[in-house]
Amino acid sequence: MEKNYLSSQGAPNEPCTPATFQRVANRVSVVSIVGNLILSIFKFLAGIIAHSGAMISDAVHSASDVFSSFIVIIGVRLSSKASDKEHPYGHERIECVAAIVLSVVLLFTGLTIGYNAVQNIVSGDYSELTVPGVLALIAAVVSIVTKEAMFWYTKINAKRIDSTSLMANAWHHRSDALSSVGALIGIGGARMGYPILDSIASLGICFFIAKAAYDIFMDAIDKMVDHSCDEATQTQLYNCVESEDGVLTVDYLNTRIFGNRIYVDVEIGANGNMPLKETHKIAQRVHDSVEKHFPKVKHIMVHVNPIDTLEDTAV
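Residues numbered from 1 in each chain as written. Predicted model: local features only at pLDDT ≥ 70, side-chain atom pairs only at ≥ 80, totals over all residues. Heavy atoms only, no water.

Enquirer: Break down the packing of helix H4 (residues 134-161) against helix H5 (residues 164-191) for me, citing the residues and quoting the values.
Expert: Running from amino to carboxyl end, H4 crosses H5 at an angle of 165°, the nearest separation of the two axes being 8 Å. In terms of orientation, H4 lies roughly antiparallel with respect to H5. For H4 against H5, the interelement crossing comes out left-handed. Looking at side-chain class alone, the contact of H4 with H5 contains 19 nonpolar, 7 polar and 7 charged residues. (Axes fitted to C-alpha atoms, helices over the stretch in contact; angles between N-to-C directions. Helix = DSSP H or I, 4+ residues; strand = E, 2+ residues; numbered from the N terminus. Parallel < 35°, antiparallel > 145°, perpendicular 65-115°, else oblique. Left-handed = near helix turned anticlockwise from the far one by under 90°. Nonpolar A, V, L, I, M, F, W, Y, C, P; charged D, E, K, R; others polar.)

Shown next as structure tokens:
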């Protein structure tokens, strides 16, 4: 029975080709753009009609997601380009740059919400705040449901193709949903005579958004600086190499993450008395086996060290 080295980490059975990667990312981004445009217009009109400043601010937040989706489309398009003379290792890291830009936008959005909330809280003057209408409450509920659905839709597809920028956009949807929760609490509190609840809820949302931005930023940075794979993946790679016929030892194995792909360098020990063609076949089997069982591996370099006798393997 053929071993499945990826079962423990839930990796896809088939590799995600650049065409599939770009198609899925673009489809999700287009859905996000259309959905956010419709939602932004609806919330903006509801905020004006129902006299809700919180809902108008929430509409602007949703509009920022349109900008994020365009960044994802550009980043994915550029990162999916084939290798060329100037970029022999490909362009996958461009998507990490897009994710970093999105994390900064997300952080700025969260800090803006937090800053405005703190200003309202420390001012102590709530007499000029108008009581919003019922339409603002309805708009907040619609926004929460819609943005949460968009979050899960984007997150599932981001995991499917292992897209950092798409995952960043998913959390941007979640931040918008949390913003709408704050708006709902604030609008409801204002209608009950407690307008300060809007600002308190917004301040709490700020921390959730900042945490999501930090996680996205650090994940993108790890992929930009040749971070190694996690220990479980490296162990699975080691076992895959070691199990090939003709491999007597695994002397060295190193990995580096390049965007959403993996590069592997490995040194194996083989019988030094074998002809060069035979040892080359062993190295080729190792190469093919790793790329077959680990779809995220873009390339593996195999070096063969000669071992004169079988007894030497115990040294």
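Next, the rest of the story.
Enquirer: So what about the sheet that holds strand S3 (residues 297-307)? Which residues, and what values?
Expert: With mixed pairing, the 3 strands of this open sheet are ordered in space as S1-S2-S3. On the outer flanks of this sheet lie strand S1 (249-258) and S3, each paired with one strand and no other. Adjacent strand axes in the sheet meet at a mean angle of 15° when their direction is disregarded. Both strand S2 (residues 261-271) and S3 contribute to a ladder of 10 bridges, which runs parallel. Within S3, the residue paired with Gly269 across the bridge is Asn305. Relative to the sheet, helix H7 (residues 231-242) contacts S1, S2 and S3, its axis offset from that of S1 by approximately 135°. Taken strand by strand, helix H8 (residues 276-293) contacts S2 and S3, and its axis lies near 150° from that of S3. (Pairing = 2+ DSSP bridges. Contact = heavy atoms within 4.5 Å.)

Enquirer: Account for the nonpolar core, with residues named and values stated.
Expert: Formed by 27 residues in total, the largest nonpolar core has its most connected members in Leu106, Ile161 and Leu166. If you list the elements that add at least two residues to this core, you get helix H1 (18-49), helix H2 (53-79), helix H3 (93-123), H4, H5 and helix H6 (196-224). A total of 7 residues in this core trace back to one element, the largest contributor, which is H3. With near-sequence residues (within four places) excluded, Leu166 lies in contact with Ala25, Val28, Ser29, Val72, Glu95, Thr154, Asn157, Ala158 and Ile161. Among the nonpolar cores identified, the runner-up in size contains 21 residues, and Val241, Val264, Val286 and Val297 belong to it. (Core = buried A, V, L, I, M, F, W, Y, C linked by side-chain atoms within 4.5 Å. Buried < 20%, exposed > 50% of the residue type's maximum accessible area, 1.4 Å probe, protein only.)

Enquirer: How would you summarise the pattern of salt bridges if you had to cite specific residues and measurements?
Expert: Taken as a whole and judged by the stated rule, the model has 4 salt bridges. The partner of Lys147 in a salt bridge is Asp176, and the shortest N-O contact between them spans 3.6 Å. Of this pair, Lys147 sits in helix H4 while Asp176 sits in helix H5, placing them 29 residues apart in sequence. The class for Lys147 is buried, based on a relative accessible area of 0%. Residue class for Asp176 comes out buried when judged on its relative accessible area of 0%. For Glu148, the salt bridge goes to Arg174, with nearest N and O atoms at 2.7 Å. Residue Glu148 is located in helix H4, and its partner Arg174 is located in helix H5; the two are separated by 26 residues in the primary sequence. Overall, Glu148 belongs to the partly exposed group, its relative accessible area being 25%. Overlapping salt bridges, with partners in common, bring together Lys43, Lys147 and Asp176 in one network. (Salt bridge = Lys/Arg side-chain N within 4 Å of Asp/Glu carboxyl O.)

Enquirer: Please provide a residue-by-residue account of the packing of H7 against H8, values included.
Expert: Between H7 and H8, the shortest axis-to-axis distance is 9 Å and the interhelical angle comes to 140°. When the axes of H7 and H8 are compared, the pair comes out oblique. The chirality of how H7 crosses H8 is right-handed. Touching Leu237, Cys240 and Val241 of H7 are Val286, Ser289, Val290 and His293, all from H8. Split by residue class, the contact of H7 with H8 holds 5 nonpolar, 2 polar and no charged.

Enquirer: Any chance you could break down H7 for me, citing the residues and the numbers?
Expert: Relative to the 16 Å expected for 12 residues at 1.5 Å per residue, H7 spans 16 Å between its end C-alpha atoms, a close match to the ideal helical length. Tucked inside the fold, the buried residues of H7 contact S1, S2, H8 and S3. Two or three places before Ala232, at the start of H7, stands the capping residue Asp230, its side-chain oxygen 3.2 Å from that residue's backbone nitrogen. (Expected span 1.5 Å × (residues − 1). Polar contact = N/O pair within 3.5 Å; in protein donor to acceptor, adjacent residues only side chain to side chain.)

Enquirer: Tell me about the environment of Leu203, and please be specific about residues and values.
Expert: Following the sequence through the fold, Leu203 ends up in helix H6. Here Leu203 falls in the partly exposed class, since its relative accessible area comes to 26%. Through-space distance from the C-alpha of Leu203 to that of Ser179 is 9.9 Å; in sequence the pair is 24 residues apart.

Enquirer: With reference to specific residues and values, describe the packing of aromatic side chains.
Expert: Taken as a whole and assessed by the stated rule, the structure comprises 2 aromatic pairs. Aromatic rings pair up to connect Phe151, Trp152 and Trp171 into one cluster. The ring of Phe151 has Arg174 lying over it, and the distance from NZ or CZ to the ring centre is 3.9 Å. A cation over a ring is seen here: Arg256 above Tyr263, with NZ or CZ 4.6 Å from the ring centre. (Phe/Tyr/Trp six-rings, centres within 6.5 Å; stacked < 30°, edge-to-face > 60°. Lys NZ or Arg CZ within 6 Å of the ring centre and 35° of its normal.)

Enquirer: Which residues make up the side chain of His172, and what are the values?
Expert: Mapping His172 onto the fold places it in helix H5. For His172, a relative accessible area of 1% puts it in the buried group. Those residues in contact with His172 that sit more than four places away from it in its chain are His61, Ser64, Asp65, Ser68, Val105, Leu106 and Thr109.

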